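Residue-level listing of the chains:
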Amino acid sequence: MRTLWRIIAGLFRWTWRVLNFIREFILNLFLILLILVGVGIWLQVSGSGSSATPVQQGALRVDLTGVIVDKPSVSNKLSKLGRQLLGASSDRLQENSLFDVVDAIRQAKGDKNIKGMVLDLRDFAGGDQPSLQYVGKALREFRDSGKPIYALGDSYSQAQYYLASYASKIYLSPQGTVDLHGFATNGLYYKTLLDKLKVNSHVFRVGTYKSAVEPFLRDDMSQAARDADSRWVGQLWQNYLTTVAGNRQITPDQLFPGAAAVIAGLEAVNGDTAKYALNNKLVDVLDSRAAADQELVKTFGWDKANNDYHSVSIYDYNVKQPTQQDGNIAVVMASGAIMDGEETPGNVGGDTTAAQIRDARLDPKVKAIILRVNSPGGSVTASEAIREELAAAHAAGKPVVVSMGGMAASGGYWISTPADYIIASPSTLTGSIGIFGVINTLENSLDSIGVHTDGVATSPLADVASTKALPTEVQQLMQLTIENGYRNFVGLVAASRHKTPEQIDAIAQGHVWTGSDAKANGLVDALGDFDDAVKKAGELAKVATPQLTWYQDQPGMFDMLLNQVSASAQTVLPNALKVWLPTPMLDVMSAMKQQPGLLNNLNDPQNRYAFCLNCGEVR
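So, a few notes on the structure that sits alongside this text. The model shown is predicted, which means the values in this text are computed figures rather than measured ones.

## Here's the deal with the pairing of strand β18 (residues 400–409)
No. 1: β18 sits mainly inside the fold: ten of its ten residues count as buried.
No. 2: When strand β16 (residues 368–375) meets β18, the two strands line up parallel, connected through six bridges. Bridge pairing links Ile 369 to Val 400 in β18.
No. 3: When β18 meets strand β19 (residues 421–424), the two strands line up parallel, connected through three bridges. If you follow Ser 403 over to β19, its bridge partner there is Ile 423.
No. 4: Here three bridges tie β18 to strand β20 (residues 429–431), and the two strands are oriented parallel to one another. The residue bridging Ala 409 from the neighbouring strand is Gly 431, located in β20.

## Thoughts on the packing of helix α3 (residues 98–109) against helix α4 (residues 129–144)
No. 1: Here α3 crosses α4 at 5 degrees, and the two axes come no closer than 9 Å. It follows from the interaxial angle that α3 and α4 lie roughly parallel. Every residue of α4 that contacts α3 at Leu 98, Phe 99, Val 101, Val 102, Ile 105, Arg 106, Ala 108 and Lys 109 is listed here: Ser 131, Tyr 134, Val 135, Lys 137, Ala 138, Leu 139, Glu 141 and Phe 142.
No. 2: Looking at the contact of α3 with α4 residue by residue, the class counts come to eleven nonpolar, one polar and four charged.

## Digging into the pairing of strand β2 (residues 66–69)
No. 1: Examined bridge by bridge, β2 and strand β5 (residues 124–126) share two bridges and lie parallel to one another. If you follow Gly 66 over to β5, its bridge partner there is Phe 124.
No. 2: Bridge analysis of β2 against strand β3 (residues 95–97) gives three bridges, and the strand direction is parallel. Paired with Val 69 across the strands is Ser 97, a residue of β3.

Definitions and cut-offs
Residues numbered from 1 in each chain as written. Predicted model: local features only at pLDDT ≥ 70, side-chain atom pairs only at ≥ 80, totals over all residues. Heavy atoms only, no water. Buried < 20%, exposed > 50% of the residue type's maximum accessible area, 1.4 Å probe, protein only. Helix = DSSP H or I, 4+ residues; strand = E, 2+ residues; numbered from the N terminus. Pairing = 2+ DSSP bridges. Axes fitted to C-alpha atoms, helices over the stretch in contact; angles between N-to-C directions. Parallel < 35°, antiparallel > 145°, perpendicular 65-115°, else oblique. Contact = heavy atoms within 4.5 Å. Nonpolar A, V, L, I, M, F, W, Y, C, P; charged D, E, K, R; others polar.

Given below as structure tokens:
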């Protein structure tokens, strides 16, 4: 018996030692990573690690990984540092600054060491259409300077092909495809789920087309929402076809003749997608990557050190940053869902953005303000805080120009109303002028498991809790405040656009418009891009040479360290966990990500939201 206990005790000791070793190993590994990242950040900040990768008569290799956004959640310096410390990443969730990408391409255009460009887009996941158009504009400028652009691809997604269409020559693998299929939106609807969980969703809204709350009320899309969304999705697709077809010097019908014609064309070549792409002039050459590399070597020379053609990655290309201390045009970014409080990664903090606008307003060197908006909206309270500060800048005599990105809808349009001038891309999603509120109560859920709530209150308006039924008086109060909020919204737009409230109400009601329609309806002043906004701000401020100062919160050393470690962990852990999840679960997780702010961005103190849920990702 004593021997048995010794064996059992020994087994426990051995198990404990193994667990202890694993724990210490993980902690030490984490500490080493922390130290390496910390040293790297210190070198980056101090400037000793900022030397450029030398280019000798080579190509700029645009090997974008992930997505293009207006404002990355993690600073680009940290992303570059992560690549240097941890190696190149193929993380499709990596975020790239639109403006940094464009600046790099434009600098390369005039760089005597850059003789051309290679678009290597295999890990590029895309961006909203206005962002792709802005990058495409820079690519067109590069090509017009006389420098060639080569696009390489085993296959091309729609977003990849959009940029590739600007190339002088497009290569495609003989086994590849150009995946053109059109655009679609897909959202999750929760009514049956909420019914099964016995959750009561109390929804208050104004606007025939304010479909942001439909997921709480229905299991499918309403006909009004379907009609409205079909219009702007169709316009985005036509904009795509027109641009790409123009780049390839073919007709939109030849680029995408429709599903039936595509199938017929594939039948004619026995399902050979690469040959179909070549026959229809979607690409120029069918050849292997090795064969394409041979032409690149002839064009750019052989790099013995790397056994490749001479090139520098866009991530390693050193872009000269102008001195911004004396900038006369302030740029404030409103990118993401608008929330109350301080800014968080991927979201707009009402307090943070209002403070940045205030700083710009009080800076005597700043002569005008550009508000770059790429937001589906959010909290009414936070939106109003930003709008009030922008209105104060306008009242102080500083011209305000709004540059709309992929989205400037609902709250994103609310904060744009004080502008002297609004510029949108033809593919911007804007409007969605409407208000809604949501309060969920769980009294039936708790009742089903035997939990009940009771108490006393001095009035029905005080008797509000998520664990009990919402009093009728509170519901009436909420609807009144929502209707008042909608009237205020319409009034703000009417005053800023010099129209009557009745005229605005006719194009409001939560209706989503593309930039082209918004221009026709008088909601924006001109169609253009960020360059046009800079030019207009200079004109209004009577500034001959606009110099930009970007107002963004600069993270402290400790914040930078934690952000980089967190980003590195997010790159590794989800991929490790995904192998254990069934494919349907991954699809659901992906779909939920397409509905920004539905569950975790609702923090308005009055439960009022100007939010465009159906302005999410278009596939």
